[in-house]
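# An overview of the molecular structure
The primary structure of each chain is shown beneath.
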Amino acid sequence: MDEMIEQSYGGYKLYIYKDKLELSSNVSNFIENQIVQKLKIKDRFQFCVSGGSTPKSVYQLLSERDIEWEKVDIFLGDERCVDPKSELSNSLMIKNSLLTKYGSKAFFYEIFSDKKVDDNISKNLLISKLNEKCNGKPPSFDLTLLGLGDDGHTASLFPYQKDNNADDLVIFNEGKGLKRISLTPKVLSASSNIIFLVSGASKQLALQRLLDKDESQERTPSKLIKSSNQISIFCDEESSKELSI
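My aim in this report is to walk through the structure given alongside it, one point at a time. (Residues numbered from 1 in each chain as written. Predicted model: local features only at pLDDT ≥ 70, side-chain atom pairs only at ≥ 80, totals over all residues. Heavy atoms only, no water.)

Regular strands place side chains that alternate from one sheet face to the opposite one. In terms of burial, strand β4 (residues 72-76) is a largely internal element, 5 of the 5 residues being buried. As judged from the 5 bridges shared by strand β3 (residues 45-49) and β4, these two strands associate in the parallel manner. Bridged to Cys48 within β4 is Phe75. Regarding topology, helix α2 (residues 56-62) serves as the crossover connection from β3 to the parallel β4, and that connection is right-handed. (Buried < 20%, exposed > 50% of the residue type's maximum accessible area, 1.4 Å probe, protein only. Helix = DSSP H or I, 4+ residues; strand = E, 2+ residues; numbered from the N terminus. Pairing = 2+ DSSP bridges. Right-handed = clockwise from strand over helix to strand, strands pointing away.)

Listed below in structure tokens is the structure:
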């Protein structure tokens, strides 16, 4: 049986697992349960996913679960403005992990992020599809899975970017040498359920800052994500080693 430590920090609930393997297994179980339970009371499930290396193993496990994927709408929280066939494309990673096996039945909105596509077209198409698939103003997901960068960013909300907290649904930002398109805190915070997935020693400082009530949102933009419900953080022992538990 997996060993897990549970700890509350203000508006966050922390679940700590031994290693990335246990972390991925438990997060995939959690997401599966969310989908199954929600589809008992509504027709479709709206799921906002994260790019990056940490969630890939979660998506691979999820794709093997025989659930009602044909009733699941999947959106990316952000995308790099690169060729869709580039290894840097979040969409490509989702296609090669979550959208395989049973998961291939899900609806996936691929952000038009290629440099050849006009920014306003990309932005307006995404906003239109969000409003079509998600209820609420702003549009609300049933579940949003977010990553945490070692610099404290989440989605493509990077430190000290002036548009991070724009009163809009979608923005363009620069991060780690690449132009990116991202959902804003306004949309991400409207989700019914929000989870952060954190793994590895390089995330120790970022996780400490996220949990620090006095930390600035400018330096750690992941703190811009707020919720009236408790936000869950699933992490491994390596990333949480410096926390006082």
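Having seen the structure, we can now continue with the description.
Another aspect to go through is the sheet that holds strand β8 (residues 170-175). Across the sheet, which stays open at both edges, the 3 strands sit in the order β5-β9-β8 with antiparallel pairing between neighbours. Each edge of the open sheet is held by one strand with a lone partner, namely β5 (78-80) and β8. Strand-to-strand twist of the sheet, defined as the mean angle between neighbouring strand axes without regard to direction, takes the value 25°. Of the strand pairs in this sheet, β5 and strand β9 (residues 178-183) are connected by 3 bridges, and their pairing is antiparallel. The residue bridging Asp78 from the neighbouring strand is Ser182, located in β9. (Axes fitted to C-alpha atoms, helices over the stretch in contact; angles between N-to-C directions.)

This brings us to the pattern of salt bridges. For the coordinates displayed, the defined rule picks out 16 salt bridges. Of the charged contacts in the structure, one is a salt bridge between Asp119 and Lys179, with a shortest N-O distance of 2.6 Å. Placement of the pair is Asp119 in helix α4 (residues 119-133) and Lys179 in strand β9, with a sequence separation of 60 residues. According to the relative accessible area criterion, Lys179 is partly exposed, its value standing at 30%. (Salt bridge = Lys/Arg side-chain N within 4 Å of Asp/Glu carboxyl O.)

Mapped onto the elements, Ser91 comes out in helix α3 (residues 90-96). At 2.8 Å, the side chain of Ser91 forms a polar contact with the side chain of Glu79. For Ser91, the residues in contact, after removing those within four places along its chain, are Leu76, Glu79, Phe108, Glu110 and Ile111. (Polar contact = N/O pair within 3.5 Å; in protein donor to acceptor, adjacent residues only side chain to side chain. Contact = heavy atoms within 4.5 Å.)

Let us now look at the nonpolar core. Ile31, Phe47 and Ile74 are the most contacted members of the largest nonpolar core, which totals 65 residues. Setting aside residues up to four positions removed in sequence, Ile74 forms contacts with Phe47, Val49, Trp69, Leu98, Leu99, Ala106, Phe107, Phe108 and Tyr109. (Core = buried A, V, L, I, M, F, W, Y, C linked by side-chain atoms within 4.5 Å.)

It is worth spelling out the sheet that holds β3 at this point. As summarised here, the arrangement of the 8 strands in space is β1-β2-β11-β10-β7-β3-β4-β6, forming an open sheet in which the pairing is mixed. Where the open sheet ends on each side, the last strands, each with one partner, are β1 (4-9) and β6 (107-109). Taken pair by pair, the neighbouring strands of this sheet meet at an average axis angle of 20°, ignoring direction. Bridging between β3 and strand β7 (residues 143-147) involves 2 bridges; their strand directions are parallel. Bridged to Cys48 within β7 is Thr144. Packed on one face of the sheet, helix α6 (residues 204-211) meets β1, β2 (12-17), β10 (194-198) and β11 (231-236) and runs near 160° to β11.

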